[in-house]
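Observations on the three-dimensional arrangement
What follows is each chain in one-letter form.
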Amino acid sequence: MQIHLIAVGTRMPDWVTQGFEEYAKRMPPECRLQLVEIPAGKRGKNADISRLTEQEGQRMLDAIPKGSKVIAMDVPGKLWSTEKLAEQMSGWMQGGQDVALLVGGPEGLSDTCRKLGSPGWSLSPLTLPHPLVRIVMAEQLYRAVSILKNHPYHK
């Protein structure tokens, strides 16, 4: 199984790239984590934000590998504990299909992405900076795998 973190935004600061890569490289071969960056639309004073969000959403949908289970990362999604995430990952791994986790841009996900990835997963009711979300997700995925493998990292 492969997990595809499909996120709007490119050219992240070095600390974001390093943080994500640190946890991604720790993932076991049977549960690899891959980042797919989607370029954000140009936001300006008179930008049509709705149109930009839909265009970003379409690029995200185009990046989803065929047959993947899609999960929208969205504030109204379900809040999972780390143990619940480990349960979810166990099911994903047993199911054998890849997983695509969608992280939207500054205004969130397009309606199409939300519907496709429903019911969704919420990291927190707090608004988190999108670069930080990449690191938090990678760390939590690694932590969940650690639980499944009885690795001491989780403790």
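Scroll up to find the structure.
Residues numbered from 1 in each chain as written. Predicted model: local features only at pLDDT ≥ 70, side-chain atom pairs only at ≥ 80, totals over all residues. Heavy atoms only, no water.

Summarising the element assignment, Ser124 is placed in the loop between strand E5 (121-122) and helix H5 (130-148). Of the polar contacts made by the side chain of Ser124, one reaches the backbone nitrogen of Leu126; its length is 2.9 Å. (Helix = DSSP H or I, 4+ residues; strand = E, 2+ residues; numbered from the N terminus. Polar contact = N/O pair within 3.5 Å; in protein donor to acceptor, adjacent residues only side chain to side chain.)

A word on unusual backbone geometry. Residue Ser118 is joined to Pro119 through a cis peptide bond whose omega torsion reads 10°. Even without glycine at this site, Arg11 takes up a positive phi of about 55°. Given the relative accessible area of 79%, Arg11 is considered exposed. We note that Asn150 has phi near 55°; this positive angle belongs to a residue other than glycine. Here Asn150 is to be found in the segment after H5. Of the residues examined, Asn150 reaches a relative accessible area of 70% and is grouped as exposed. (Buried < 20%, exposed > 50% of the residue type's maximum accessible area, 1.4 Å probe, protein only.)

A few words now on the side chain of Gln2. With respect to the element layout, Gln2 can be found in strand E1 (residues 2-8). In this view, Gln2 contacts Arg32, Gln34, Asp98 and Val99; residues no more than four positions away in its chain are not counted. (Contact = heavy atoms within 4.5 Å.)

Time to look at the nonpolar core. Soluble globular proteins: nonpolar side chains tend toward being buried together. Counting residues in each nonpolar core, the largest one holds 28 residues, and the members touching the most others are Ile3, Met27, Leu33, Met89, Trp92, Leu101 and Leu141. Put simply, the parts of the chain that give this core at least two residues each are E1, helix H1 (14-26), strand E3 (69-79), helix H3 (82-95), strand E4 (99-103) and H5. In terms of residues, this core owes the most to one element, H5, which gives 7 residues. Look past the residues within four positions of Met27 in its chain and what remains in contact with it is Ile3, Leu33, Met89, Leu141, Tyr142 and Val145. By size, the runner-up hydrophobic cluster in this structure holds 13 residues, among which are Ile38, Met60, Ile64 and Ala72. (Core = buried A, V, L, I, M, F, W, Y, C linked by side-chain atoms within 4.5 Å.)

This part is about the pairing of E1. Taken across its 7 residues, E1 has 7 buried, putting it largely inside the fold. Residues of E1 alternate between two faces, with Gln2, His4, Ile6 and Val8 on one and Ile3, Leu5 and Ala7 on the opposite face, all of them buried. Taken together, the 5 bridges between E1 and E4 define a ladder with parallel strand orientation. Across the sheet, Ile3 pairs through a bridge with Val99, a residue of E4. (Pairing = 2+ DSSP bridges.)

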